[in-house]
Amino acid sequence: MRHGRPDRPQRDSVDLVCQALGKYTAYQLSEMAHQGSPGATRQRSGAGALNRSSEPLLDEEVFEYFSALVSSDSEG
C-alpha cells in the first residue's frame, strides 16, 4: 500500500464491506457492533467472558459473526 492508497485486494475488501453494509445507518451499524463480539463465541486463552484476550480473532470468525448479523437483520 502506498501512502493512503489501498492496493487492489484491499480495495476489493472495502468494496465488499460497503456492498454488504452500505444500506445500514450509522446507528444500525453501531447497534450491530455492540450486540456482542466474534470472540465472545469461543474461549480465548483462558480469558473469562468479560476479560480481554490478546489472542487474535480468525478472519473466519469475524466473517461468520457479521454474516449472521446481516442475515438475521434481513429476515426480520
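The sections below set out a description of the structure shown in this document. (Residues numbered from 1 in each chain as written. Predicted model: local features only at pLDDT ≥ 70, side-chain atom pairs only at ≥ 80, totals over all residues. Heavy atoms only, no water.)

So, on to the overall build of the chain. In terms of regular secondary structure, the chain is built from 3 helices and 0 strands. In the chain, which comprises 76 residues, the share counted as buried stands at 13%. Contacts in the chain between residues at least 24 apart in sequence constitute 39% of all its contacts with a sequence separation of at least 6. Carbon and sulfur atoms form 54% of the exposed surface of the chain, whose accessible area is close to 6400 Å². (Helix = DSSP H or I, 4+ residues; strand = E, 2+ residues; numbered from the N terminus. Buried < 20%, exposed > 50% of the residue type's maximum accessible area, 1.4 Å probe, protein only. Contact = heavy atoms within 4.5 Å. Areas by Shrake-Rupley, 256 points an atom, 1.4 Å probe, with all protein chains shown as cover.)

With that out of the way, let us pick up the pattern of salt bridges. Evaluated as defined, the whole model comprises 2 salt bridges. The shortest N-O distance in the salt bridge between Asp12 and Arg8 comes to 3.6 Å. In this pair, Asp12 and Arg8 are both assigned in helix 1 (residues 8-21), 4 residues apart and thus about one turn of the helix distant. (Salt bridge = Lys/Arg side-chain N within 4 Å of Asp/Glu carboxyl O.)

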